Amino acid sequence: MTRTIKRIAVFCGSNFGRGDAYKDGAAALGRAFVRHGIGLVYGGTNKGLMAVLADAVLAGGGSVHGVLTTRLHGKGHLHPGLKDFEVLPTMGTRKARMAELADAFIALPGGIGTLEEFMEVWTLNQLGEIDKPGGLLDIAGFYAPFMGFIDHMIAESFLPAAHRGSIVVTPDAEALIEGLVSYRKVDVPKWM
Ligand code: AMP
């Protein structure tokens, strides 16, 4: 059984990161979205990897939907190429709207904003509030230390081991989309 995935919300750095690998990986994901006819939902800005990703989708003629906060919109952060965007009052309402619009979630390398957004949707899946798979595009091994910390949670009995497998982690954009499309919900209780 596969899932129909029409739109994916992507969380990623509002900075570019060091070197070219992160930019290259973000652009590769954008091109993969276009190949698969998947629409991008993202923070709607012209900053860092967020802009690189949106540019790649727009350049390929794909669909991009931006969801910004009033504050960031007021600061002039809106990506100038977006025809399709909405402005919401807070980060909380914005995240809820992105989760509503998307069929799945991806995090690229980023900072605390990226992690916070991804952890929220992973938690909502774990608690059963949503059934929309998530994955990490592990460019240049960026997420290896994070997954090491997840392993520490498992070793210390704060997280069931099966829940490590409830997200797709790969450096390859095609494999990531494939993993989300074929994702099967992990049915292991949260409480041990
Ligand atoms: P960070 O990883 O800390 O750079 O934050 C990036 C994440 O937080 C993105 O996925 C956005 O959803 C949100 N975010 C951070 N900065 C902005 C911005 N200037 N405009 C819109 N969203 C932002």
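Notes on the structure follow.

Cut-off values and rules
- Residues numbered from 1 in each chain as written.
- Predicted model: local features only at pLDDT ≥ 70, side-chain atom pairs only at ≥ 80, totals over all residues.
- Heavy atoms only, no water.
- Core = buried A, V, L, I, M, F, W, Y, C linked by side-chain atoms within 4.5 Å.
- Buried < 20%, exposed > 50% of the residue type's maximum accessible area, 1.4 Å probe, protein only.
- Helix = DSSP H or I, 4+ residues; strand = E, 2+ residues; numbered from the N terminus.
- Near = heavy atom within 4 Å.
- Polar contact = N/O pair within 3.5 Å; in protein donor to acceptor, adjacent residues only side chain to side chain.
- Areas by Shrake-Rupley, 256 points an atom, 1.4 Å probe, with all protein chains shown as cover.
- Nonpolar A, V, L, I, M, F, W, Y, C, P; charged D, E, K, R; others polar.
- 1 Å grid on protein atoms, 1.4 Å probe; cavity = no way out; pocket = protein on both sides within 12 Å on 5 of 7 lines; lining within 4 Å.
- Points joined across faces, edges and corners; volume = space filled by probe spheres on them.
- Axes fitted to C-alpha atoms, helices over the stretch in contact; angles between N-to-C directions.
- Left-handed = near helix turned anticlockwise from the far one by under 90°.
- Contact = heavy atoms within 4.5 Å.
- Pairing = 2+ DSSP bridges.
- Expected span 1.5 Å × (residues − 1).
- Arc of directions from axis to C-beta.

### A word on the nonpolar core
Grouped together as the largest cluster of nonpolar side chains are 33 residues, with contacts concentrated most on Ile8, Val10, Leu29, Phe33, Leu40, Ile106 and Leu108. Elements represented by at least two residues in this core include exactly strand 1 (7-11), helix 1 (21-36), strand 2 (39-42), helix 2 (48-59), strand 5 (104-107) and helix 7 (173-181). Considering every element that reaches this core, the biggest residue donor is helix 2, with seven residues.

### Topic: unusual backbone geometry
With a phi angle near 55 degrees, alanine 140 is a residue other than glycine that sits in the positive phi range. As for its placement among the helices and strands, alanine 140 is situated in the loop between strand 6 (134-137) and helix 6 (144-155). Judged by its relative accessible area of 61%, alanine 140 is exposed. Its identity is not glycine, yet serine 157 carries a phi of approximately 60 degrees, on the positive side. Here serine 157 is to be found in the loop between helix 6 and strand 7 (167-170). Residue serine 157 is classed as exposed on the basis of its relative accessible area, which comes to 52%.

### What to know about the site of the ligand
Taken together, the neighbourhood of the ligand is formed by 17 residues, with Thr45, Arg94, Gly111, Thr114 and Glu117 sitting nearest. Between the ligand and cysteine 12, the relevant distance is 3.3 Å, taken from an oxygen atom to a main-chain nitrogen or oxygen of the residue. In this structure, threonine 114 approaches the ligand through a side-chain N or O atom, which is 2.6 Å from an oxygen atom. Protein chains bury 88% of the 480 Å² of accessible surface belonging to the ligand in isolation. Counting only elements with at least two residues in the shell around the ligand, the list comes to helix 4 (91-101) and helix 5 (112-126). With four residues, the top contributor of residues to the shell around the ligand is helix 5. For the shell around the ligand, a count of residues per class yields six nonpolar, nine polar and two charged.

### Remarks on empty space enclosed by the protein
Summed over the entire model, instances satisfying the criterion amount to one cavity of 30 Å³ or more. There is about 30 Å³ of room inside the largest cavity. Taken together, Phe11, Lys95, Ala99, Glu117, Glu120 and Val121 make up the full set of residues lining the largest cavity. Taken together, the elements giving at least two residues each to the lining of the largest cavity come down to helix 4 and helix 5. The leading source of residues in the lining of the largest cavity is helix 5, at three residues. Here the lining of the largest cavity is composed, by residue class, of three nonpolar, no polar and three charged.

### Description of the packing of helix 1 against helix 2
Where helix 1 meets helix 2, the axes come as close as 7 Å, and the angle between the chain directions of the two elements is 35 degrees. Where helix 1 crosses over helix 2, the handedness of that crossing is right-handed. Between helix 1 and helix 2, the residues in contact are Tyr22, Lys23, Ala26, Ala27, Leu29, Gly30, Arg31, Phe33 and Val34 and Leu49, Val52, Leu53, Ala56 and Val57, respectively. Looking at the contact of helix 1 with helix 2, its residues break down into eleven nonpolar, one polar and two charged.

### Re the pairing of strand 4 (residues 85-88)
Residue alternation in strand 4 divides its side chains into a buried set, Glu86 and Leu88, and an unburied set, Phe85 and Val87. Two elements, strand 3 (residues 64-69) and strand 4, share four bridges in a ladder whose sense is parallel. Paired with leucine 68 across the two strands is valine 87, which belongs to strand 4.

### Comments concerning helix 5
With 15 residues, helix 5 should reach 21 Å at 1.5 Å per residue; the first-to-last C-alpha distance of 21 Å fits that figure. Of all the positions in helix 5, only Thr114, Glu117, Phe118, Val121, Trp122, Leu124 and Asn125 are classed as buried. Down the axis of helix 5, the smallest arc covering the buried residues is 160 degrees, so these residues share one side. At its buried positions, helix 5 is contacted by strand 1, helix 4, strand 5, strand 6, helix 6 and strand 7.

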